[in-house]
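# Notes for the structure review
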Amino acid sequence: MPTQYLFVFAQVHEEFRIPELLSVAELYGFEIKFPEGPDGRSTTRPFMILELESDEHARLLARRCVLIKYICEFYARGKTYEELHENNRLRAPQWEKYAADTSFKFMVTAFNHTIPQWRQKDVVESFAYMDWQGKIDMKNPEVTLVCFEEYRDKHGTTRAKDEGDGEFEEVWFGRLIETGSARPLVKKFDVKKRVYYGNTSMEAEMSLLMANQTLAAPGKLIYDPFVGTGSMTYTTAHFGAYVYGSDIDGRQMRGKVKPPGIIRAAAQYGVASRIMDLCTFDVTQNPWRCGELFDAIVTDPPYGVRAGAKRLGRKHARPLKEGPIPVHVPRPDDQPYIPPTRPYELSELARDLVLLARYMLKPRGRLVFFLPTVTEEYKEVDVEAMLCDGMELVANSLQDFGSWGRRLITVRKTTTEKYPPPTFDPAHAVTENVATHVPAHKDFREKYFQGFKKSDDGNDSEDKQGNV
């Protein structure tokens, strides 16, 4: 029979919370039951009560999910301590089995508030009716009982340190199962502490969330076609996957000294042996000669703001010359030939990425990538327009910057049918069933530098702009 567990989350990236939970549960092969009703999946609060089959499932989630701070076996909740104690007594069969001879300690903490020491003591003593006879052990207890008080957000207001103490919205109580041990990885992979990074490097927390969406695990092979400075390679490799990366600009991967920058950073994290290879090529002129190679594709494609997406070709076609094409044309000073590139429009890139994933992914493989969108123009059909036969949307989570945002898109390959390599034809940038729709991410670069002006009155959006 499923047991109720109290999940305590870091109140950041709220839209990413449930997709991460579901992805990790899928990775380990178990289900999570959410409460019924309209608020069953609400992420506006840091607390959620979910049902799992065992404590071991809770531990697996706490050790892998970046957004989890604590998981407890749920005992009671209430608007007041009187209500909490009344509900806790009804759950006595759950905690009585530990009361006789188990070492324990109490932890009293709060969200959006700091509880003074004297009241923490009063709270602990209010649970005297539980009659725990075991030894109090503050260092290595067998059971940790946790009481969480939830306060409304008071940030931005001036107040005394203990002002409003005890005026909580709700209080929660349970037995601690596991502290979120994946959360410290955010500091471990901090870009500022990395030996090699660039101005487009993805922040650590988001890289870890993306890695969880790929279901990275030992034995899996993951590909980043716009690897850049390698932010996603380190986190996916940390979870045991082997990683292959490519980019049209090899300088981003190499840096200015040897060994290549990505390899140096991977060695810093102890995962250099899991970097299979790094190659320089245009993803639209790729060397792949067979499909279904990878378990996942994860990438943060360039948006055209700090770094523009490029593909081989010329902006304007040259007129054809008369006569036979020369086999070899001498170059001044025998310098190597650098092929010309042209801009890769974002809506074309996104569509091509889905087609490439359908060809390169194994069945049930995932494509995980960021898609920037204009907030006022975005519609769900923008993402639907990118999908093709054999690919389904798994998650769509927004990181909001005000007038624009970027969406972490997770797509799963659902087909076992063999498909030919994509042609990367710009004419296929949208699917046939929504051919008349112009997605909000089309020409994103131009919209960004124009300040996301409204088409009807020409006024600039007053919302803040985040970093790309």
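Above this note sits the structure.
Residues numbered from 1 in each chain as written. Predicted model: local features only at pLDDT ≥ 70, side-chain atom pairs only at ≥ 80, totals over all residues. Heavy atoms only, no water.

## What to know about the pairing of strand β7 (residues 221-224)
Short version of the rule: Here the rule is simple: two strands pair whenever DSSP picks up at least two bridges between them. Numbering of helices and strands runs from the N terminus; a helix is a DSSP stretch of H or I covering at least four residues, while a strand is a stretch of E covering at least two. Seen with the strands pointing away from the viewer, any crossover whose path from the first strand over the helix to the second strand runs clockwise is right-handed.
Examined bridge by bridge, β7 and strand β8 (residues 242-247) share 4 bridges and lie parallel to one another. Paired with L221 across the two strands is Y242, which belongs to β8. Note on the crossover from β7 through helix α8 (residues 231-238) to β8: the handedness is right-handed. In this structure, β7 lies alongside strand β10 (residues 294-299), joined through 2 bridges in parallel fashion. Looking across to β10, one finds that Y223 is bridged to I297.

## Comments concerning the pairing of strand β15 (residues 404-413)
Put simply, the test is: Three exposure classes are used, based on accessible area relative to the maximum for each residue type with a 1.4 Å probe and protein chains only: buried under 20%, partly exposed in between, and exposed over 50%.
Judged by how many residues are buried, β15 sits mostly within the fold: 10 of 10 residues are covered. Alternating positions in β15 separate into two faces, W404, R406, L408, T410 and R412 on one and G405, R407, I409, V411 and K413 on the other, with burial throughout. Direction of pairing for strand β13 (residues 361-374) relative to β15: antiparallel, over a ladder of 9 bridges. Bridge assignment links L371 to a residue of β15, and that residue is R407. In this sheet, β15 lies alongside strand β14 (residues 391-400) in antiparallel orientation, the contact comprising 9 bridges. Across the sheet, the residue bridging to D400 is G405, located in β15.

## Quick word on the side chain of D282
Rules: Whenever two N or O atoms come within 3.5 Å, that pair is a polar contact, provided that in protein one can donate a hydrogen and the other can accept it, and provided that, for residues adjacent in sequence, both atoms are side-chain atoms. Here, residues are in contact when the closest pair of their heavy atoms is within 4.5 Å.
Along the chain, D282 falls in the loop between β9 (275-280) and β10. Among the polar contacts listed, one links the side chain of D282 to the side chain of T284, at a separation of 2.6 Å. Leaving out residues up to four positions away in the same chain, D282 has contacts with I248, K310, R311 and L312.

## Some points on the nonpolar core
Using the following cut-off: Here the nonpolar core consists of buried residues drawn from Ala, Val, Leu, Ile, Met, Phe, Trp, Tyr and Cys, with membership extended through side-chain atoms lying within 4.5 Å.
Within the largest apolar cluster, 65 residues are counted, with the highest numbers of intra-cluster contacts made by F7, L21, I32 and L61. Of the residues forming this core, the biggest block, 6 residues, is contributed by helix α7 (residues 204-213). The residues contacting F7, other than those within four sequence positions of it, are L21, P46, F47, M48, L50, L52, L61, I68, Y70 and I71. Residues F226, V354, V383 and M391 belong to the second largest nonpolar core, which totals 33 residues.

## What about empty space enclosed by the protein?
Worth spelling out the cut-off: Detection works on a 1 Å grid of protein atoms alone, calling trapped sets that fit a 1.4 Å probe cavities and calling open sets with protein on both sides within 12 Å along at least five of seven lines pockets, with lining residues defined by an atom within 4 Å of a point. Grid points are joined across faces, edges and corners, and a volume is the space filled by probe spheres set on the points. The classification used treats Ala, Val, Leu, Ile, Met, Phe, Trp, Tyr, Cys and Pro as nonpolar, Asp, Glu, Lys and Arg as charged, and all other residues, Gly among them, as polar.
Overall, the coordinates contain 2 cavities of 30 Å³ or more when judged by the stated rule. Its boundaries defined by the atoms lining it, the largest cavity holds a volume of some 50 Å³. Residue assignment for the lining of the largest cavity shows that the elements contributing at least two residues are α1 (17-28), α7, β14 and β15. Considering only residue class, the lining of the largest cavity consists of 5 nonpolar, 3 polar and 1 charged. In this structure, the second largest cavity occupies an estimated 40 Å³ of space. Taken together, P225, F226, S246, D247, I248, F281, D282, V283 and K310 make up the lining of the second largest cavity. Of the residues belonging to the lining of the second largest cavity, the class tally is 5 nonpolar, 1 polar and 3 charged.

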